[in-house]
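Residue strings, one per chain:
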Amino acid sequence: MSFTFYALPSILSSVVMLAILIYVYVHRRNSTGAWQFLSIMVCSIIWSSGYAMSLLSTGLDQKMFWFNLSQIGPDFSPVFWLFLIFEYCGHGDLLHRKWVGTLFIIPVITTILMWTNDWHHLLRLGVILQPLNDQVSYISIDHGPWYILEAFYGYAIVAATLIVIIRFLTWSSSRQQTITLLGAMLLPIIFNLLDVFRINPLKPFGSTSIIFSVVGLILTWGLFRQRLLDITPIARNKVLESIGDGVIVLDEKNRIVDVNPAACYLFDSDCNLPAAFVGKDIREVLSLWPEWSEQTAVATDSNVQLALKLNGERHFFDVTVSSLYDNRGIFVGWVSIFHDITEEKEKNERLQSQLNEIQHLQVQLRDLAVRDPLTDCFNRRYLDEMLSRESSRADRNEIMIGLVMIDLDHFKRVNDTYGHATGDQVLQAVGQLLQQRVRLGDMVCRYGGEEFLIVFPGINLASVTERAQSLCHLIAALQVPGPAGAVVKVTASVGVALYPTHGERIALALEHADQALYSAKNAGRNSVCVWQTPATSQFML
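Here the structure is a predicted model, which is why all the values come from computation and not from measurement.

Caption draft 1: Spotlight on the packing of helix α2 (residues 34-56) against helix α4 (residues 72-88). It is at 8 Å that the axes of α2 and α4 come closest, and there the two elements cross at 160°. In terms of orientation, α2 and α4 fall into the roughly antiparallel class. The interaxial crossing formed by α2 with α4 has left-handed handedness. Contacts from Trp35, Gln36, Phe37, Ser39, Ile40, Cys43, Ile46 and Trp47 in α2 reach Ile72, Gly73, Pro74, Phe76, Ser77, Phe80, Trp81, Phe83, Leu84 and Glu87 in α4. Residue composition of the contact of α2 with α4, by class: 13 nonpolar, four polar and one charged.

Caption draft 2: Just the pairing of strand β7 (residues 331-340), in detail. In the sheet, strand β3 (residues 246-251) pairs with β7 via six bridges, with the strands oriented antiparallel. Looking across to β7, one finds that Gly246 is bridged to Phe338. Two strands pair when backbone bridges link them, and strand β6 (residues 313-325) and β7 are joined in this way by nine bridges, in the antiparallel orientation. Within β7, the position partnered with Val321 by the bridge is Ser336.

Caption draft 3: Region of interest: helix α16 (residues 461-477). Here α16 is 17 residues long and its end C-alpha atoms lie 25 Å apart, about the 24 Å a rise of 1.5 Å per residue gives. Of all the positions in α16, only Val464, Thr465, Ala468, Leu471, Cys472 and Ile475 are classed as buried. Here the buried residues of α16 occupy an arc of 125° about the axis, which is enough to place them on one side. Turned more than 90 degrees away from the buried face of α16, the exposed residues are Ala462, Glu466, His473 and Ala477.

Caption draft 4: How the structure looks around unusual backbone geometry. For the bond from Tyr499 to Pro500, the omega torsion is 5°, close enough to zero to count as cis. Mapped onto the elements, Pro500 comes out in the loop between β13 (492-499) and α17 (506-522). Residue His410 is not a glycine yet carries a positive backbone phi of 50°. Residue classification places His410 among the partly exposed residues on the basis of a relative accessible area of 41%. If you check the backbone angles, Arg525 has positive phi at about 70° while not being a glycine. Considering the arrangement of structural elements, one finds Arg525 in the loop between α17 and β14 (528-530).

Conventions used here
Residues numbered from 1 in each chain as written. Predicted model: local features only at pLDDT ≥ 70, side-chain atom pairs only at ≥ 80, totals over all residues. Heavy atoms only, no water. Axes fitted to C-alpha atoms, helices over the stretch in contact; angles between N-to-C directions. Helix = DSSP H or I, 4+ residues; strand = E, 2+ residues; numbered from the N terminus. Parallel < 35°, antiparallel > 145°, perpendicular 65-115°, else oblique. Left-handed = near helix turned anticlockwise from the far one by under 90°. Contact = heavy atoms within 4.5 Å. Nonpolar A, V, L, I, M, F, W, Y, C, P; charged D, E, K, R; others polar. Pairing = 2+ DSSP bridges. Expected span 1.5 Å × (residues − 1). Buried < 20%, exposed > 50% of the residue type's maximum accessible area, 1.4 Å probe, protein only. Arc of directions from axis to C-beta.

Structure, rendered in structure tokens:
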């Protein structure tokens, strides 16, 4: 091995790249894209150091060993550059696809052919030493057919990488970082092309490995001054600009410091440029519906709903508000995400309206099932269910149930004199009167025709008798308008029984109330009769 100053540029490049690799591994290895970046640095170090050692070696076998080792760098680095640019431009999900591993097939085959070239000469047809002086020589190669495929593949990967990053550059707001990365990638490619076409004036210094020193300085500048591996803020541009939800970042004084295009339509302005709103107070550009004005100040992490006035129309938004803190834990502002739920809310309101209507119809159907359509009193079907339930409850709680049977006197005469329509009006008026004069838990049923039954749970005989008398007097005082200005008046006969005093079964007590009713009719009508046991006479009131 003989020292030559021709190897110094490549040695310097290796040292610079090694320093960058160590720094990134120690301080930034958990950053997004760090493993791709570190892989590129390893390839660059192998490339530069291998070429330097080839120049320092004296024998052909030694030179070929180091030269073969150095070629691992250019064979694999284009693939790692593609991976880094994918991650940088927000396409990192592509790196988890199964086809990614196939990108290494050509580099691996090339490496194998390179170390076995003496057997087949597919990669190199011939190798000779070109002297620089009496002590130093470099390798000159006559390339084989596989080299054409290797070069085409490598530059195809490079072309794909350039297309991705240039397209990203056209809309990215982080243009300086993108240009730095693009420059670091282009410089070695340009000088490698000079080597390939043998028009490099810096031969035999190894222009590609020399330029790594410059690339190292560019990457160092990007790492320390532009936070080059801080991929998230760069990918953030694509994410925020593509999502449909509005994102607004505020400082601690409610001034807008960042906003995405989707949030522009939230503001009371025709402008759709996010930069036009930066620095403005959020309350100056956000038009809230009046009843939501109290929710403008949100100082903690929360999720609220806001109604905004957009073009004179009310729009509803689900707003997620999160506090922001700097690296020292000091509060610096909020980030708010506005998700438009207007359509969803309108659907929910329509659904709620339909549910209310269904519930209303269910109530109506239930009423139709248990109520008499003419008088709106409970019908016989409901009476049967209710008496069974109430008698069981009375037995458990040891309470009594008052049964008051009411029959309108000479009601056929009303129908014959004034017509059935007027008779129906009388029945409606009596039914309404009875329902207005009973307690909340009492139940008025139309028993049939002109008969009504009132059930009084939890009452004694004196009270139910008093109520029966009051209802009898009220019915007698009732006046119903008839045809041609006539006034229709009716009276009622009332029978009273008490369960279980007047019957050990509720059906028997009901039968006794009906018998008391007929006793009142036989006694002259418009009166109340309380049922008594056969041993005593039923008494009239």
